[in-house]
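# Structural characterization, general
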Amino acid sequence: MNNLSSILGKLLLTGQICNKEIILSNLNKGQVILQLDKKYVEMLFGNNNNQDPGYDEQPEAENGHNHFTYDEQDKWLFESGKMQSPINIDTFTIAPSIKYKKLELNFKNQAMKIENNGHTIELAIPGESILMNRKFALNQMHFHSPSEHTIDGLYSDLEAHFVHTGADGRLAVVGVLFNIGQENLAFETILNKIPQGSSGAGFKINISELLPEDKAYYHYIGSLTTPPLTENVEWYVLEEKLEISQEQLIRFQKYYINNNRKTQPLNGRPVNYINN
C-alpha cells in the first residue's frame, strides 16, 4: 500500500484523478484502471481539485471560493510550468510583427451579474472578440491590483482581464492596464455595484470606458494566472494604459490588494508587438 500511495500521490499532483478512476499509464507496460473511492484518496493526499469552477481566470466562474491564497503562491500546483503567466514584457527586445491582425472587441454595455468571489471582483459581460482572425466569446472580466503583467519591470496600479473562450475551447485573455489619474466612470459604476454578499444583480455599464481606443497589443502564449494555472492560453495585453483615480484604487483595495500572481520566467517564448 505504501508503494501504491507513493504512485497515487504523484498522480494527484498531476491532476490524473477522474471521479472514482485513476488511470496509471505505462504501469507494467500497460494501462491499469484502479477503482478507488475518491474521498479516501483525498483523505490520504488532500483534495487536488484542479477543476474547481470558481477560479478567477476560468471563462464561466460560477460560484466557488476556491482554496488558494496569494500569500502562498509557491504552494500552487500546475501541470508543467514552462509557459506560465504573467510575465514581464520587455519592450526593448520585442520586434513589431506584421503577420497578426488588429483586435476586434465587441462587448455589450451590460453586466449580467457581479460577484465578489473571494479573490477578485468579477463581472459576467456578454460579447465577442475577433482574435487572430478567430471568433472568441467573452465570458467574464475581473481585476487584479497591482497589475499582474509588468512593462519593462514596472507594475501598473490595476489590471483588468477579459476572459474568452473559442469554439474549440481554447482560452484567450485580453489584459488592460490602469494607472492613477482621472476618475474612470465605468470603474466607478462597478465600485458602486459591489455586492454586500457574494453576488449582485446585473446593471448597465459603458464598457468602452474600460477599453483603450488604441488597440495595439503585446501577444504571447501563457497560462491562467490562478489555479489550476492551465497553459496554452492566448494573451493579448493592450499597450495603451487607462486611468482610475487614487480614490477609486483605495476603494477597490479595501476589498482586494496584492491579488496578483508574481511574474513568471519567459523561458524563451516569443512576445510579439502588433500595431495595425
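Refer to the structure printed above.
Read on for an overview of the structure. (Residues numbered from 1 in each chain as written. Predicted model: local features only at pLDDT ≥ 70, side-chain atom pairs only at ≥ 80, totals over all residues. Heavy atoms only, no water.)

## Re the overall build of the chain
In terms of helices and strands, the chain carries 4 helices and 17 strands. Within the span of the chain, comprising 276 residues, buried residues form 49% of the whole. In the chain, 66% of the contacts between residues at least 6 apart in sequence involve partners at least 24 apart. Accessible area of the chain: about 14,000 Å², with a carbon and sulfur share of 49%. (Helix = DSSP H or I, 4+ residues; strand = E, 2+ residues; numbered from the N terminus. Buried < 20%, exposed > 50% of the residue type's maximum accessible area, 1.4 Å probe, protein only. Contact = heavy atoms within 4.5 Å. Areas by Shrake-Rupley, 256 points an atom, 1.4 Å probe, with all protein chains shown as cover.)

## Structural notes on the side chain of E115
Assignment of secondary structure puts E115 in strand β6 (residues 110–116). By relative accessible area, E115 is classed as buried at 8%.

## Quick notes on unusual backbone geometry
The omega angle of the peptide bond from S85 to P86 is 0°, so this bond is cis rather than trans. For M132, which is not a glycine, the phi torsion comes out positive at approximately 55°. Assignment of secondary structure puts M132 in the loop between β8 (127–131) and β9 (134–144). Of the residues examined, M132 reaches a relative accessible area of 15% and is grouped as buried.

## Describing helix α4 (residues 246–253)
Since the α-helix packs 3.6 residues into each turn, any two residues three or four apart lie on the same face. Listed in full, the buried residues belonging to α4 are Q248, L249, R251 and F252. Seen end-on, α4 carries its buried residues on one side only, within an arc spanning 160°. Looking at the buried positions of α4, the neighbouring elements they touch are β7 (121–124), β9, β11 (158–166), β12 (171–180), α3 (185–193) and β16 (242–244). (Arc of directions from axis to C-beta.)

## Quick notes on α3
Among the residues of α3, those classed as buried are A186, F187, E188, I190 and L191. Packing partners of the buried residues in α3 comprise β6, β7, β9, β11, β16 and α4. Of the residues flanking the start of α3, the one acting as N-cap is N184, its side-chain oxygen 3.1 Å from the backbone nitrogen of A186. (Polar contact = N/O pair within 3.5 Å; in protein donor to acceptor, adjacent residues only side chain to side chain.)

## Topic: the nonpolar core
Core analysis: the largest hydrophobic core is formed by 41 residues, its most contacted members being L123, M141, F143, F162 and L210. Not counting residues up to four positions away in its chain, the partners in contact with M141 are I121, E122, L123, I125, A160, H161, F162, I207 and L210. I94, L177, Y220 and W235 belong to the second-largest nonpolar core, a separate cluster that totals 17 residues. (Core = buried A, V, L, I, M, F, W, Y, C linked by side-chain atoms within 4.5 Å.)

## Brief notes about the packing of aromatic side chains
Tallied over the entire structure, the rule returns 8 aromatic pairs. Ring geometry for F187 and F252: centres 6.1 Å apart, planes at 45°, overall tilted. On the criterion of sequence distance, the pair formed by F187 in helix α3 and F252 in helix α4 is long-range, its members being 65 residues apart. The same class applies to F187 as to F252, namely buried. When the centroid spacing of 5.4 Å and the interplanar angle of 40° are considered together, the rings of Y218 and Y273 count as tilted. Of the two residues, Y218 is situated in strand β14 (residues 217–223) and Y273 in strand β17 (residues 272–274); the sequence distance between them amounts to 55 residues. Neither Y218 nor Y273 differs from the other in exposure class; each is buried. (Phe/Tyr/Trp six-rings, centres within 6.5 Å; stacked < 30°, edge-to-face > 60°.)

## Structural notes on the environment of F68
Mapped onto the fold, F68 is located in the loop between α2 (38–45) and β4 (88–89). Looking at F68, the relative accessible area reads 11%, which means it is buried. In this structure the C-alpha to C-alpha distance between F68 and G118, which are 50 residues apart in sequence, comes to 9.9 Å.

## Some thoughts on the pairing of strand β5 (residues 104–107)
Along β5, the buried face is formed by L105 and F107; none of E104 and N106, which line the opposite face, is buried. As paired strands, β5 and β8 are joined by 4 bridges and run antiparallel to one another. When the bridges of β8 are listed, L105 appears paired with S129. (Pairing = 2+ DSSP bridges.)

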